[in-house]
Structures are given as structure tokens and as C-alpha cells.
Amino acid sequence: MPRAMDAKDDRAGAALTDAAWSDVLIAVDRTYAELIEHQERLEAQNRELEALRQFLSSVITSVSDVLIVLDRDGRVDEVNASTCVCTGLPVAALVGRSVADLVREEDRAGLSALIAEIARTRAPGRMELSLVSSREPAPVEAVLSPRLDDRGRIEGLVLTGRPVGELRRAYAQLERSHAEMKAAQAQLVHGEKLASLGRLLAGVAHELNNPISFVYANAHALERYAAKFETYFDRVQAGADRDELVRLREELRLDRELRNLREAVQGAREGAERVRDIVEDLRRLSSDGGGEMAAFDLVETARTAAFWIMRGAGHSTVPEINAEGPVMVLGHTGHIQQVVMNLVQNALDAVSETAAPQIALRIMREEGRGVLEIHDNGPGIDEATAAMIFDPFFTTKPVGKGTGLGLSISLKIAEDHGGRLSYSPASGGGALFRLELPLAGEGA
């Protein structure tokens, strides 16, 4: 019996041993599979990290500005190719060095102070410094930004900088472009002004012809009067007696001619003054608007501008001008005259096909401003067109009849004077343009 029991126990122990080994092998297989899966994930992550490293490296390499990555102690961790070009040193000669060794001695104190300020405020800082170079110092406009870890602690700095020479070239190019743009704008303004002057030539010729003809006729009269007085004084010089002189004076009608002489001189003076005024108006109109702004009467300026437009257009419509006395505003008379002429000309064009054309100018004071309203009873402007009328080169006139710059330039002139130019449909139909300018002196 005992032997039989021992054999049975041996078989049971062997079975248990086989089961344990089976469990061990299963666990080993499972662990191995998990290790394989983990290894595959690690390799995938390594590939992603390598791709990210290559991407960052390509970005850093392609940056044209100086780029220096610093550790917490201010030593160089990494640089890009532009830094090597700027300093004339290879990467190996730069990595590991203190950033203070890379700048001129006179810039080191300022750089240390900036780094301390960034450590205190956690905000980027800017300064101009010169990098030490194997050739000559390279001045750059540097920006230092903190590198923060996930807990918000500074673990280093990033220094980026653009060579100052490049910045200065960019600023110079910007300044040249700005100057060219201003010159082009001035040329456009002058071109529009010349276009306005061209429309006035007929009226100017007529206005100049009248006083000049008057002066010319009076000059002939003065020449005739001078001949009579010369005849009389020749006889006086020759010693003629009193009776002869009295008779000669009556024959020559010197008393009447003396009165006529004064009238001829007065007429010639008035004609010359009229010519002077016309030339002065044209000079102000064609001026470039330079110099200081001055006070002028908006009513008189509007009246003069409307007068010139009507003379040049030869239109039968006479604008109605309503004003509450002089309205003194501050600005350049010639420029505002140009604006008013443009608005009146547009109003004339708008009513050219209207059966009973009407144009009204109203000048008044409103809340510290001088206001000029120009109203016509033409067809008006539709909403879509009204949204674009102040755009440069926009025009509804046929080709060759307009440049599309009149309202755009007028708006710019109004804004330069601290005023505004606006459009609104008139309550009784037609168009209403409103020009506002700051009042001058005590009326402001």
C-alpha cells in the first residue's frame, strides 16, 4: 500500500509541475509580445522625434536672422547658420560659450542688465548690440525672449537679431517709397487742378478781355487828351497873350477834357485793379497749398469759385447763394476754392439735362464749424454709386470727360483741413454735398 500511494503522489506532483511551467511559458509569451509592442511604439515615437528634430533644424537653418539659443546660465546651446555667417565662426566655436563673449565689451553691461530684467519680468527685451566677428563687429537689433518650462520657470533664453544695416536699408527703401507716393499724390492733385483750369480758359479770357479793353480804350483817350494839352502849353511857352489862350482853351475844350481825363485815369485804374484781382484769384487757385493756413471768408471763396465755373461753362443756370454774412474759416483758400469749383462743376453736369435746372449754395455756421451745402435738382445718385463716389478714379462720366479724382481729392483736402466732405440725397430730390471746415478766430 505505501508504495502504491507514493507512485500516485509522484504523478500528481509531476502534473502540477507541468501546469506551472505552462503558466510560466504563457506569461513569458505575453511579456514578450508586450515588449515587442512597446518596442514598436518606441520606434514610432523615435521616428516622430527625428522628423520633428529635422523640421526644427530646417526651420532654424532657414531663418535669415541671427538665432542663438541660451541655457539658464547664459551659455550657447544652439545657433543657426546666419549666426555663423554674421560672426564668421563655426558652430563648434560658438556652442558652449557665454553669450557675453559673443558681444563687444561695451555692450556686455547692457546685455547683463537686460537679461536680469527679463528674469524679473518674464517679458521679452530689445537692445542694439554688436556681435564679435572674425572680420569686424556686426551690429544687430536684438530681441531676447525667455524660454519657460511647464512650471513657468526660466530654463534659458532665445536671442534673435537682424543686422542693423539691413534694417536701415529697409527703412531707407520705405522712406523712398513714401516720398514717391507723396510725389505721385501731389502730381495727381496738380493734374486735377490743371484739368479744372482748362475748363476755365474761356471764362478767364472773357473776364480779362473786358478790363483790358477798357484800359486800352482809356489809353487812347489819354493820348488824345495829352495831345490837346501839349498844344495849349506850347502856345503858353511861345508867349501867346491871354485872349489867344482863352480862345484856344475854348476851342480845345480843355475844361471838359480835364474832367474826362480824371474819369479816364479812374477807369484805367479800375480796369487794372480788375485784371490784378483776376490774376490773384488764378494764382491762389493754381497754388500748391504750401505755407501756413490762414483765415478766409468761405462765402467770398464760394462766390468766386461759382463765378469762375459759370464763366468757363457758359451755362445759363445761375447758382443761388445764400449766406448769413461772412463765415471765416481756417485753411488754404486755393485748395478750398478748388473743392467748391469741383462740386459746382459736378452740380452743373448733373442738371445739364434737367428741364428747370437749379443749383443752390448755402453757407452758414454750425457748432463751431463753417458749413457749405451745394444742392442741385438733378437725378441724384443711387445708393450703389454713392458708396463709391469718393473712391479714386471712380467716375460716371464718359471717357475723356472726367478723371475720377475730383471728389477723391476734394475729400482729402477737406480732411487735411480738419473738416469733412459728405454726400446725402436731397429731401426734394437731387444731390446734396456738404463741406465742413473749422471756424477761424473767435468764431471757432
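Higher on the page you've got the structure.
Everything quoted here is computed from the prediction, not taken from an experiment. (Residues numbered from 1 in each chain as written. Predicted model: local features only at pLDDT ≥ 70, side-chain atom pairs only at ≥ 80, totals over all residues. Heavy atoms only, no water.)

A. Structural view of the sheet that holds strand β2 (residues 76-79). Taken together, 5 strands build an open sheet; the order of strands is β2-β1-β5-β4-β3 and the sheet is antiparallel. Edge positions in the sheet fall to β2 and β3 (125-131), since each has one partner strand and no second. Taking the axes of each pair of neighbouring strands and ignoring which way they run, one obtains an average angle of 30° across the sheet. As defined by bridge partners, strand β1 (residues 66-71) adjoins strand β5 (residues 154-163) across 6 bridges and the pair is classed as antiparallel. Looking across to β5, one finds that Val66 is bridged to Gly161. Relative to β3, helix α4 (residues 105-121) is tilted by about 155°, and along the sheet it contacts β3, β4 (138-148) and β5. (Pairing = 2+ DSSP bridges. Helix = DSSP H or I, 4+ residues; strand = E, 2+ residues; numbered from the N terminus. Axes fitted to C-alpha atoms, helices over the stretch in contact; angles between N-to-C directions. Contact = heavy atoms within 4.5 Å.)

B. Main features of the pairing of strand β10 (residues 369-376). Buried residues dominate β10, accounting for 6 of its 8 residues. Note that strand β9 (residues 359-366) and β10 share 8 bridges and pair antiparallel. Residue pairing in the sheet places Met364 in a bridge with Val371 of β10. Between the end of β9 and the start of β10, which pair antiparallel, lie 2 residues, with Glu367 showing a positive phi angle near 50°. Bridge count between β10 and strand β12 (residues 431-438): 8 bridges; the pairing is antiparallel. Within the sheet, the bridge partner assigned to His375 lies in β12 and is Leu432. (Buried < 20%, exposed > 50% of the residue type's maximum accessible area, 1.4 Å probe, protein only.)

C. Highlighting helix α10 (residues 333-350). For α10, built from 18 residues, the straight-helix expectation of 26 Å at 1.5 Å per residue is met to within 8% by its first-to-last C-alpha distance of 26 Å. Counting buried residues along α10, 14 of its 18 residues qualify, which places the element largely inside the surrounding structure. (Expected span 1.5 Å × (residues − 1).)

D. Structural context of the packing of aromatic side chains. For the coordinates displayed, the defined rule picks out 1 aromatic pair. Note on Tyr423 and Phe433: the rings are 5.2 Å apart at their centroids and 50° apart in plane angle, and the pair reads as tilted. Of the two residues, Tyr423 sits in strand β11 (residues 420-425) while Phe433 sits in strand β12, which places them 10 residues apart along the sequence. Judged by its relative accessible area of 7%, Phe433 is buried. (Phe/Tyr/Trp six-rings, centres within 6.5 Å; stacked < 30°, edge-to-face > 60°.)

E. Structural view of a nonpolar patch on the surface. Taken together, the side chains of Trp21, Val24 and Val28 present a nonpolar region at the surface, about 310 Å² in accessible area. For Trp21, the position within the fold is in helix α1 (residues 2-62). (Patch = residues over 30% accessible without salt bridge, like charges linked within 9 Å, V, L, I, M, F, W, Y side chains within 5 Å. Areas by Shrake-Rupley, 256 points an atom, 1.4 Å probe, with all protein chains shown as cover. Salt bridge = Lys/Arg side-chain N within 4 Å of Asp/Glu carboxyl O.)

F. Inspection of the pattern of salt bridges at higher detail. Enumeration over the complete set of coordinates arrives at 16 salt bridges. A salt bridge links Arg120 to Glu117; the nearest nitrogen and oxygen atoms lie 2.6 Å apart. Taken together, the residues Arg120 and Glu117, both in helix α4 and 3 residues apart, mark about one turn of the helix. Overall, the relative accessible area of 61% leaves Arg120 in the exposed class. Judged by its relative accessible area of 35%, Glu117 is partly exposed. In this structure, the salt-bridge partner of Glu366 is Arg434, at a minimum N-O distance of 2.4 Å. Residue Glu366 is found in strand β9, and its partner Arg434 is found in strand β12; the two are separated by 68 residues along the sequence. Residue classification places Glu366 among the partly exposed residues on the basis of a relative accessible area of 34%.

G. Structural detail: helix α12 (residues 406-416). Of all 11 residues making up α12, 8 are buried, and the element is well covered by its neighbours. Backbone geometry just downstream of α12 places Gly418 in the positive-phi region, at approximately 80°.

H. The arrangement of unusual backbone geometry in detail. Non-glycine residue Arg122 carries a positive phi angle of around 60°. With respect to the element layout, Arg122 can be found in the loop between α4 and β3. For Arg122, a relative accessible area of 39% gives the class partly exposed.

I. Local environment of the packing of α10 against α12. Contact pair α10 / α12: the axes reach a minimum separation of 10 Å and the direction vectors enclose 145°. Here the hand of the crossing between α10 and α12 comes out left-handed. Contact residues: α10 offers His335, Ile336, Gln338, Val339, Asn342, Leu343 and Asn346, while α12 offers Gly406, Leu407, Ile409, Ser410 and Ile413. A per-class count over the contact of α10 with α12 returns 6 nonpolar, 6 polar and no charged. (Left-handed = near helix turned anticlockwise from the far one by under 90°. Nonpolar A, V, L, I, M, F, W, Y, C, P; charged D, E, K, R; others polar.)

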